[in-house]
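# Summary of the model geometry
For reference, the chains in residue letters:
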Amino acid sequence: MTITYRVGNGLYVNVTNRCTNSCDFCVRSVADGAYGELWLEKEPSKEEILDAVLQALSGNSYDEVVFCGYGEPTVRLDDVIFVAKGIKKDFPSQKIRINTNGQANLIHGKDVTPLLAGVIDCVSVSLNAPDPVEYQNICHSEFGEAAFWGLLDFASDAKKYVPSVILSVVRETIPDSDIEKCRSLADKYGVKLKVRDFIK
Ligand code: SF4
């Protein structure tokens, strides 16, 4: 079972296979695993995750711990917060990021962004498209087109509690003209847009 893995100088944490999206470009469907076998036959407990992360951090220096994984980490948000608090207890200056589809408020049926305060340093929300129709065409959310507005509201709410909130698009999956529309949207919501490369 792969709970942690290194990408560059980040320690990535794999907490679940589950996701509310089924994106066309998802690494789960287009590859056997970009970083080894990440498919979890059984989800690790929050204690197992914390142990694995603390062990990986012991004697090593990482720029960031990143909750990312094969699936959507915020489906286990309470467990992610538990682990993040445990990391901050032993490594107070360790930066922690969540890479997310931004649907946490829809998943949990309430504004969960206050839970991020004081433990999460950065939230990177995958925007992927400039409007709800295109988003749903690409990402196939179980929340339908509401997922698009939900993720923007999540990013906006998260700004109150998290020092850095980013919207991201994958360069190879979106035309340049749509990237500019996404940039305008990010400006409107007061967050940065990151254009990232596809993970082959
Ligand atoms: S949101 Fe992420 S994990 Fe979920 S289907 Fe899309 S790319 Fe895969």
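Please refer to the structure higher up on the page.
Remember, it's a predicted structure, so these values are computed and weren't measured experimentally.

## Focus: the overall build of the protein chain
A tally of helices and strands in the protein chain yields 7 helices and 7 strands. Starting at the N terminus, the α and β elements of the protein chain follow one another as β-β-α-α-β-α-β-α-β-α-α-β-α-β. Here the protein chain has a C-alpha radius of gyration of 16 Å; the compact-globule value for 200 residues is 16 Å, and the two agree. Along the longest, intermediate and shortest principal axes, the C-alpha atoms of the protein chain span 45 × 35 × 30 Å. Across the 200 residues of the protein chain, 52% fall into the buried class.

## Some points on the pattern of salt bridges
As enumerated under the stated definition, the model contains 8 salt bridges in all. Of the charged contacts in the structure, one is a salt bridge between Glu43 and Arg76, with a shortest N-O distance of 3.6 Å. A residue pair is termed long-range when its members are at least 10 positions apart, and Glu43 in the loop between helix H1 (27-30) and helix H2 (46-57) and Arg76 in the loop between strand S3 (64-67) and helix H3 (77-90) qualify at 33 residues. Of the residues examined, Arg76 reaches a relative accessible area of 8% and is grouped as buried. In this structure, the salt-bridge partner of Asp121 is Lys88, at a minimum N-O distance of 2.8 Å. With Asp121 in the loop between helix H4 (104-108) and strand S5 (122-126) and Lys88 in helix H3, this pair connects stretches of sequence that are 33 residues apart. A cluster of three or more residues bridged by salt bridges with shared partners is formed by Arg18, Glu43, Arg76 and Asp79.

## Looking at the sheet that holds strand S4 (residues 95-100)
One open sheet accounts for 7 strands, arranged S1-S2-S3-S4-S5-S6-S7; its pairing is mixed. Each end of this open sheet is capped by a strand with a single partner; those strands are strand S1 (4-7) and strand S7 (192-196). With strand direction ignored, the average angle separating the axes of adjacent strands in the sheet is 30°. In this structure, S3 lies alongside S4, joined through 4 bridges in parallel fashion. Paired with Val66 across the bridge in S4 is Arg97. Sheet strands in contact with H3 are S3 and S4, and its direction is about 165° off that of S4.

Definitions and limits used
The numbers attached to residues start from 1 for each chain and follow its sequence in the written order. It should be noted that, the model being predicted, local features are given only for residues of pLDDT at least 70 and side-chain atom pairs only at 80 or more, the latter also being counted only at that level, while totals for whole chains, interfaces and linings use all residues. Calculated side-chain values reflect all of the structure's heavy atoms, with hydrogen atoms and water omitted. What counts as a helix is a DSSP run of H or I of at least four residues, what counts as a strand is a run of E of at least two, and both are numbered from the N terminus. C-alpha atoms define the radius of gyration, and 2.2 Å times the number of residues to the power 0.38 defines the globule rule. The buried label goes to any residue with under 20% of its type's maximum accessible area, the exposed label to any with over 50%, and the partly exposed label to all in between, with areas taken from a 1.4 Å probe on protein chains only. The working definition used for a salt bridge is a side-chain nitrogen of Lys or Arg within 4 Å of a carboxyl oxygen of Asp or Glu. When DSSP finds two or more bridges between a pair of strands, those strands are recorded as paired. Lines fitted to the C-alpha atoms define the axes, with helices restricted to the stretch that makes contact. Angles between their N-to-C directions range from 0 to 180 degrees. In what follows, residue pairs with any heavy atoms lying within 4.5 Å of each other are defined as contacts.

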